[in-house]
Amino acid sequence: MQLLQDRPGLSIVVTSYERMISLHKNLTSLVSQNMGDVPVEIIVVNNSANVDLRPSLWTKMGRLLRQHPQIKIMNSLHNWHIYIRYGITYFALYDTILFIDDDLYFKDETMMRDMYDTLMTLGDYDIVSCWNMLWAEWTDTELTHVSASMLDPDLTELTKTDTCGPGISMFNKKLVLNEKAQRYLIAWDMPGLTDYALGLLPHFLWGGTTYAIPAYKRVAFSEQF
């Protein structure tokens, strides 16, 4: 069986909805990351019919897209919310996927490579994220959790967690390709669950886990958070 580290490359999926200041900061940070010899593609899904993203000379965003042809744009007339990023994953060029929301950006140009190198040391069904939770106490009706995220200065080493948010998560695409996974990722009867499903899949289906990587002052929310 071919190992994950034998299939180099990273596909980044960014979903966006009318946050152009944030998206520009997000994409600028992505193209500034030092990935060495690891090839990267960036796929931006524009969920707004009111925005037309395309390379041009006449806008700040257009010039950024013109300068970086590795950024691929999908303009949609329908707002697919976050569901669309799972569909995009199926067509991504590389086996390693990074989901990142358009209101997040990297402040440290080595952060994305650190996430990638860390994932290469883990299992095929593990996730590396900067937005994680540990479950502290629970009953039949209540759950108490503590954060393990990019906002926490005390998180200084890779830490196993109970779940993570999909908004900044790196994983092998095989995690979401299985039919069982799809059933939980796109929960049409309870759409709100979709935002939580990805971080639970490794534990629930595959015996994997989620990991929080130290990211304090290395990743941040934009002003349009």
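Preceding this section is the structure that the text describes.
This structure is a prediction, so every number in the text was calculated from the model and none was measured.

1. As for the sheet that holds strand β6 (residues 127-129)
Hydrogen bonding along the main chain pairs the strands of a sheet, whether they run parallel or antiparallel.
Here is step 1: Pairing is mixed across the open sheet formed by eight strands, whose spatial order is β3-β2-β1-β4-β11-β6-β12-β9. The sheet is open, and its two borders are formed by β3 (71-75) and β9 (159-161), each paired with just one other strand. With strand direction ignored, the average angle separating the axes of adjacent strands in the sheet is 25°.
Here is step 2: Pairing analysis gives five bridges linking strand β2 (residues 40-46) to β3, with the strands arranged parallel. The partner of Ile43 across the bridge, within β3, is Lys72.

2. What to know about the packing of helix α1 (residues 20-31) against helix α2 (residues 60-67)
Here is step 1: Interaxial distance between α1 and α2 falls to 10 Å at its minimum, and their mutual angle equals 25°. In terms of orientation, α1 lies roughly parallel with respect to α2. In this structure, α1 crosses over α2, and the sense of that crossing is left-handed. Contacts between α1 and α2 involve Met20, Leu23, His24, Leu27 and Thr28 on the former and, on the latter, Lys60, Met61, Leu64 and Leu65.
Here is step 2: Of the residues in the contact of α1 with α2, the class split is six nonpolar, two polar and one charged.

3. What to know about the pairing of strand β7 (residues 131-138)
Here is step 1: Pairing of β7 with strand β8 (residues 143-149), which is carried by seven bridges, proceeds in the antiparallel orientation. In the strand pairing of β8, Trp135 is matched with His145.
Here is step 2: Between β7 and the antiparallel strand that follows it, β8, lie four residues.
Here is step 3: Of the strand pairs in this sheet, β7 and strand β10 (residues 163-164) are connected by two bridges, and their pairing is antiparallel. In the sheet register, Asn132 faces β10, and the bridge partner there is Cys164.

4. Quick look at the sheet that holds β10
Here is step 1: Pairing is antiparallel in the open sheet, where three strands are placed in the order β8-β7-β10. Of all the strands in the sheet, the pair left with one neighbour each is β8 and β10.

5. Some points on a nonpolar patch on the surface
Here is step 1: On the surface, Trp135, Trp138, Leu143, Tyr196 and Leu200 cluster together into a nonpolar patch covering about 550 Å² of accessible area.
Here is step 2: Those elements that place two or more of their residues in the nonpolar patch are β7 and α7 (194-206).
Here is step 3: By secondary structure assignment, the location of Tyr196 is in helix α7.

6. Considering the pattern of salt bridges
Here is step 1: Counted according to the given criterion, the structure contains 11 salt bridges.
Here is step 2: A salt bridge links Arg85 to Asp101; the nearest nitrogen and oxygen atoms lie 3.0 Å apart. Here Asp101 lies in the loop between β4 (96-100) and β5 (104-106) and Arg85 lies in helix α3 (residues 83-91), a separation of 16 residues in the sequence.
Here is step 3: Three or more residues joined by partner-sharing salt bridges are found here, namely Arg19, Asp102 and Asp103.

Cut-offs and rules
Residue numbers run consecutively from 1 along every chain, following the written order of its sequence. Per-residue local features of the predicted model are confined to residues with pLDDT of at least 70, and side-chain atom pairs are confined, for both listing and counting, to 80 or more; whole-chain, interface and lining totals are unaffected and use all residues. Side-chain measures here rest on the full set of heavy atoms in the structure, leaving out hydrogens and waters. One requirement defines pairing of two strands: DSSP has to find at least two bridges between them. In this description a helix means any DSSP run of H or I spanning at least four residues, a strand means any run of E spanning at least two, and both kinds are numbered starting from the N terminus. The axes are straight lines fitted to the C-alpha atoms, using for helices just the contacting stretch, and the angles between their N-to-C directions are given from 0 to 180°. Here the word oblique covers every angle except those under 35 degrees (roughly parallel), over 145 (roughly antiparallel) and from 65 to 115 (roughly perpendicular). Crossings are classed by handedness, with left-handed meaning an anticlockwise turn of the near helix from the far one by less than a right angle and right-handed meaning a clockwise turn. Whether two residues are in contact is decided by their heavy atoms, any of which lying within 4.5 Å being enough. Any residue outside Ala, Val, Leu, Ile, Met, Phe, Trp, Tyr, Cys, Pro, Asp, Glu, Lys and Arg is labelled polar, Gly included; the first ten of those are nonpolar and the last four are charged. Each patch is built from residues lacking any salt bridge and having more than 30% relative accessible area; the joining distance is 9 Å for like charges and 5 Å for nonpolar side chains (Val, Leu, Ile, Met, Phe, Trp, Tyr). The Shrake-Rupley method, run with a 1.4 Å probe, gives the accessible areas here. Residue values count only the displayed protein chains as cover. The rule for a salt bridge is simple: a side-chain nitrogen of Lys or Arg has to be within 4 Å of a carboxyl oxygen of Asp or Glu.

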